[in-house]
Amino acid sequence: MTEPLDQERTTDQLETISRALDSGMFIHVRRMLQQMRPGDVAWLLESSPAPSRKVLWQLVDPDDYGEILEELSEEVRDGIIRLMDPEKLANALEDMESDDLAYVLRDLPERLYRQVLTQMDEQDRLRAEQALSYPEDTAGSIMNTEFITLRSDVTIDVVLRYLRLRSELPEGTDTLYVVDKDNRLLGDISLASLVVQAPATTVAEAMDTQVEAIPLTMSDVEAANLFERHDWLSAPVVDENGILLGRITIDDVVDIIREEGEHSMMGMAKMDVDEDTFAPVLPSAKRRTIWLTVNLCTALIAASVSNMFEATLSQLATLAILMTIVPSMGGIAGNQTLALMIRGMAVGHISDSNARWLLTKEALVGLINGLIWALAIAVVVSFWKESIAIGLVIAAAMFINLAVAGLAGALIPLVMRRFNIDPALAGSMALTTITDTVGLLSFLGLATLLLLN
């Protein structure tokens, strides 16, 4: 999902355009859209209900279709594409960089994808098929193949004359890559370094041979983490033989980092990161009902634990007042650990080598917090209910649940990752089930054993 450079200005434009559409001032709206950047038009489309979105797209200049499609979130883009015939879509895609081309084509229905390919010229068709040949979510899927290569034996003067003859460099070019006759990467030279070299200097003398290349099969998230760690603006992508295939630029990395952040945030709410804010009612309800159903089942598990101790609750009404405290504290403590673990996984900090240390650390944190808050709740409840016995029961349950919550918050995402389950999407639900069940079982179970016998 794109964001405008000037949020306040674009919000004003949205309100102005909405009023103009309501008034039927379509020519005025068309002129406004022509004066806006593609990214701002994309934001405007994402911020509009479906009926307005359809009208706005009909008023957009067809020459801007490609750049706008690149900026749209997946679900909104899919809706826009359904408004286009294959020929117009093929024309919109022809000037896209290879990584953006693959991003759009990958999500097309098979029938439409084939129709679009037949409408493309041979060069664009081959470019699209090559871009789609790399697995999704890998470095290959986000690289673009528009870059400049040099031979090591030419002089800087020859390189500069060659660049002037080109008149235009590929977008985002900050580095030129040096390759051998088999297109194996030998090194690179930045534009900043190039312009200060003596004309007679050879590329071999000026290039950096310590260049770090990204393997073709590396995950896109790992590649983004490398950019963040090394402050790169671009990086070459090579296959297992060191042959240069493409490059990744910072704009693609920013998209990945943003998507990962949105994925974690939306995942905690059991929602798809690409869900359209203005999607129709029925699809939105259906999408959310699935997770609400799963969540209800887990809530029933916790409720069944309470039901097991119905006799205890009927004899000690005080327990009904206090019984929500222990699960609530466990849930908060566990979610703190869970959030830290998911963030650590997202940025690549957590691996098999340090997982055991993290589990031990979080278990100890849980024990310490359990001890602190067990003592605190024991004092409060003992004075409040004038019963040391009830205070000791809730303290013991608090200690048990906080200790379990700390360990579960660290263990759940590790186990889910091992089984290729997304912890951002399912982790909090599994954790809540554990902390609610353990909290109620320990509190009501101890109360039954110690207060009623």
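All of these numbers come straight from a predicted model, not from anything done at the bench.

### What to know about the packing of aromatic side chains
Here is step 1 of the chain: Counting across every chain of the model gives three aromatic pairs.
Here is step 2 of the chain: Ring centres of Phe227 and Trp232 lie 5.4 Å apart, and the angle between their planes is 85°; on these two criteria the pair is classed as edge-to-face. Note on accessibility: Phe227 and Trp232 belong to one class, buried.
Here is step 3 of the chain: The ring of Trp384 carries the charged tip of Lys385 above its face, separated from the ring centre by 4.4 Å.

### Re the packing of helix α20 (residues 325–346) against helix α22 (residues 388–418)
Here is step 1 of the chain: It is the contact of α20 with α22, at a shortest axis distance of 8 Å, that shows an interaxial angle of 25°. With respect to each other, α20 and α22 are oriented roughly parallel. Remark: the crossing between α20 and α22 carries right-handed chirality. Of α22, the residues touching α20 (which contributes Ile325, Val326, Pro327, Met329, Gly330, Ala333, Gly334, Thr337, Leu338, Met341 and Met345) are Ile394, Ala397, Met398, Asn401, Leu402, Ala405, Gly406, Gly409, Ala410, Pro413, Leu414 and Arg417.
Here is step 2 of the chain: Among the residues making up the contact of α20 with α22, the classes are represented as 16 nonpolar, six polar and one charged.

### Some thoughts on the sheet that holds strand β5 (residues 234–238)
Here is step 1 of the chain: Strands sit in the order β4-β5-β6 across an open sheet of three strands; the sheet is mixed. At either end of the open sheet lies a strand with only one pairing partner, and these are β4 (214–215) and β6 (244–249).
Here is step 2 of the chain: As defined by bridge partners, β5 adjoins β6 across five bridges and the pair is classed as antiparallel. Bridging across to β6, Ala235 finds its partner in Ile248.

Cut-off values and rules
Residues numbered from 1 in each chain as written. Predicted model: local features only at pLDDT ≥ 70, side-chain atom pairs only at ≥ 80, totals over all residues. Heavy atoms only, no water. Phe/Tyr/Trp six-rings, centres within 6.5 Å; stacked < 30°, edge-to-face > 60°. Buried < 20%, exposed > 50% of the residue type's maximum accessible area, 1.4 Å probe, protein only. Lys NZ or Arg CZ within 6 Å of the ring centre and 35° of its normal. Axes fitted to C-alpha atoms, helices over the stretch in contact; angles between N-to-C directions. Helix = DSSP H or I, 4+ residues; strand = E, 2+ residues; numbered from the N terminus. Parallel < 35°, antiparallel > 145°, perpendicular 65-115°, else oblique. Left-handed = near helix turned anticlockwise from the far one by under 90°. Contact = heavy atoms within 4.5 Å. Nonpolar A, V, L, I, M, F, W, Y, C, P; charged D, E, K, R; others polar. Pairing = 2+ DSSP bridges.

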